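Summary of the model geometry
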Amino acid sequence: MSSDSIQQAIIMGNVASISADVNQLLSEGVNSQMILDEQLLPGMAIVGERFKHNEMFLPQVLMSAQAMQTAIDILKPHLAGNSEARKRQTVIIGTVKGDMHDIGKNLVRIMLIGAGYEVIDLGVNVPAQRFIDECLQHQAAIVCLSALLSSTMNNMQEVVQAFRNHPDLNDTKILIGGAPVSREFSQSIGADGYAPTAPAAVEQVQHFCEQ
Amino acid sequence: MTGRERVLSALKRIETSRVPIGEIGGGYTDVIIQAVLGDKYDLGPDASFLNHQRIREILGADIVGARVTGPPVEMVGIHEDWGTETFRDYWGATHTQPPDATVQLVEPIAHSPEELESWRPPDVRDFDSSLVNRWKNTTDFFVLATLNAGFDLGYELLGFERFMMWTIQARHIMKQYYEKLIETNLTLALMSAEAGADAILIADDLAFNTGTFVDPDYLRSDYFPILKNMVAEIKRQGLPVFFHSDGDLKHVIPDLIDCGIDVLQSCDPNANMDIPTLKGEYGRDLAFMGNIDVDLLANGNVDEVKNTTRNLIHDARSGGGFILGTSNVVASYCQPENLKAMYAVAHKELK
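Residues numbered from 1 in each chain as written. Chains lettered and ligands numbered in written order. Predicted model: local features only at pLDDT ≥ 70, side-chain atom pairs only at ≥ 80, totals over all residues.

**Topic: helix H2 (residues 30–37) of chain B**
Residues and elements named next belong to chain B.
- Where H2 is concerned, the buried positions are Ile32, Ile33 and Val36. Each buried residue of H2 lies within a common arc of 100° when the element is viewed along its axis, so the set occupies one face.
- Of the residues trailing H2, Gly38 is marked for its positive phi of about 55°. (Buried ≥ 20, exposed ≤ 12 C-beta atoms within 10 Å, placed from the backbone. Helix = DSSP H or I, 4+ residues; strand = E, 2+ residues; numbered from the N terminus. Arc of directions from axis to C-beta.)

**Some thoughts on the packing of H2 of chain B against helix H14 (residues 336–348) of chain B**
Residue and element names in this part refer to chain B.
- Packing of H2 against H14 leaves a shortest axis separation of 10 Å and a crossing angle of 75°. As the angle between them shows, H2 and H14 are arranged roughly perpendicular. Contacts from Ile32, Ala35 and Val36 of H2 reach H14 at Pro336, Leu339 and Lys340.
- Classifying every residue of the contact of H2 with H14 gives five nonpolar, no polar and one charged. (Axes fitted to C-alpha atoms, helices over the stretch in contact; angles between N-to-C directions. Parallel < 35°, antiparallel > 145°, perpendicular 65-115°, else oblique. Contact = placed C-beta atoms within 7 Å. Nonpolar A, V, L, I, M, F, W, Y, C, P; charged D, E, K, R; others polar.)

**Here we look at the domain arrangement of chain A**
Residue and element names in this part refer to chain A.
- Parsing chain A into structural domains produces domain 1 (3–80) and domain 2 (90–210).
- Its C-alpha centre places domain 1 at a distance of 25 Å from the equivalent point of domain 2.
- Elements represented by at least two residues in the side of domain 1 that touches domain 2 include exactly helix H3 (32–52) and helix H4 (58–80).
- Its residues assigned to classes, the side of domain 1 that touches domain 2 shows nine nonpolar, three polar and one charged. (Domains from an automatic or database assignment.)

**A few points about the sheet that holds strand E10 (residues 241–244) of chain B**
Residue and element names in this part refer to chain B.
- Within the open sheet, the seven strands sit side by side as E1-E6-E7-E10-E11-E12-E13. Their pairing is parallel. For this open sheet the edge positions go to strand E1 (63–66) and strand E13 (322–326), each flanked by a neighbour on one side alone. If you compare each strand with its neighbour and ignore which way they point, the axes differ by 25° on average.
- The pairing of E1 with strand E6 (residues 142–148) spans four bridges and is classified as parallel. Paired with Ile63 across the strands is Phe142, a residue of E6. (Pairing = 2+ DSSP bridges.)

Below you can see the structure in the form of structure tokens.
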């Protein structure tokens with residue numbers, strides 16, 4: 001089994017072959033963290049780059065993300081038992097209260113999973129308190145907020161304020177995105193970042209993790 | 001000159017003394033209509049028609065959107081999370097409308113490609129086209145009959161991610177699915193034509209702000225040929241065809257022209273769809289409608305709206321082929337004063 005074949009299975013979104021490939025590597029004694037870091041994540045990084053440059057499109061990215069999720073589900077028990085395993089960052093994501101649009105949010109979720117993050121998707125129409133509750137429960141350090149409507153983007157401010165006023169969560173990194181949102185708006189409401197596209201959201205989350 | 005004549009002139013590339021202006025579909029949400037009409041807002045049994053007529057007269061709009069209508073939706077239950085009623089549309093999908101939110105899909109028309117293969121669209125031949133007829137016979141607005149095609153409606157009925165995955169996993173079945181949806185919508189288009197529509201608007205979102213959802217080559221091989229047949233059949237009735245899609249369509253504009261589309265609507269500046277630029281490149285083959293950002297009407301001030309509208313008219317009006325409007329519809333969160341300012345500028349900026 002070559003590493004290339006797993007990376008190719010991710011890029012090609014080959015759900016059928018990736019289970020067998022990952023299981024074979026595990027049976028050969030290959031370290032689970034190594035499979036994740038050296039094969040799966042670089043594969044998804046290529047997918048992200050190609051999507052960014054319109055060389056891959058949404059259906060292909062969805063297939064790749066499904067292959068990635070399949071591989072991660074197989075690796076999970078092994079990663080948990082590996083004392084040297086790097087803990088995967090947990091990211092909370094949701095569309096803010098009053099807004100039911102989720103295409104952009106789902107795309108970011110898919111690409112974050114693909115980039116190796118543990119993503120808790122709260123869905124659409126999420127009130128500020130739920131972001132707080134889920135963040136506490138999952139000990140997440142990063143929250144992504146989405147809104148498509150001008151009328152609901154202002155609810156992002158309510159979420160940011162709720163985090164800033166919370167004694168245990170005031171340093172949570174908050175990233176916002178969606179059609180009406182801008183960098184200026186992000187700064188005006190005190191968010192930590194703004195992403196105009198899904199690949200940019202992944203880059204921004206990676207940037208948060210490196211800080 | 002009537003609104004109808006003004007729009008038809010634009011399509012013939014004749015520059016009129018003022019540019020045509022209007023919206024697609026319902027055009028203006030009820031919140032906006034109430035705000036603009038004030039005490040002229042009608043509450044009687046014919047309120048919907050009268051209020052839509054009055055707001056267009058007050059603003060000076062040239063266009064009205066109208067649909068052939070199906071039977072009332074069927075209530076089928078209560079949504080577990082939101083406590084709202086769920087209802088089944090005539091396509092067979094179940095939806096709900098959570099409080100203060102847009103309609104959401106609850107149950108798709110199929111859970112597997114096999115289910116989709118055996119799915120049959122509704123018989124729409126007894127649907128009601130009288131509203132199209134009424135607008136045509138009692139007003140001078142350009143009557144733009146609105147319907148769908150196969151792509152946007154396709155994912156509305158299946159759910160977005162499922163639809164996207166099946167374009168790869170069940171390609172042949174998806175092609176059949178587009179054919180079924182388009183055949184049904186073509187029937188609605190022909191009924192609209194018979195009822196007096198001045199043009200057909202195909203609403204079919206294909207893109208987001210950075211490009212098409214799917215590979216343009218996929219659209220070229222699996223979707224556009226079916227769309228092209230639909231457009232050809234509509235044009236055989238003598239009607240021009242408008243096409244609405246949000247997002248950045250630059251990679252597929254030549255394909256839409258090849259399909260026979262006459263007018264591209266939306267042209268969202270947030271997706272870098274700038275009408276003056278597009279006119280320079282494709283203006284001989286395609287007219288354009290829209291280009292005023294809905295978010296500008298929501299968050300901008302009157303002066304910003306006036307300047308943007310004035311500049312757009314200045315840059316886009318030459319030689320016709322341009323209809324002013326928003327890049328979508330006038331949403332409830334837009335500022336009525338900004339909407340009025342946009343229309344007022346259109347009426348002042350005369351050739």
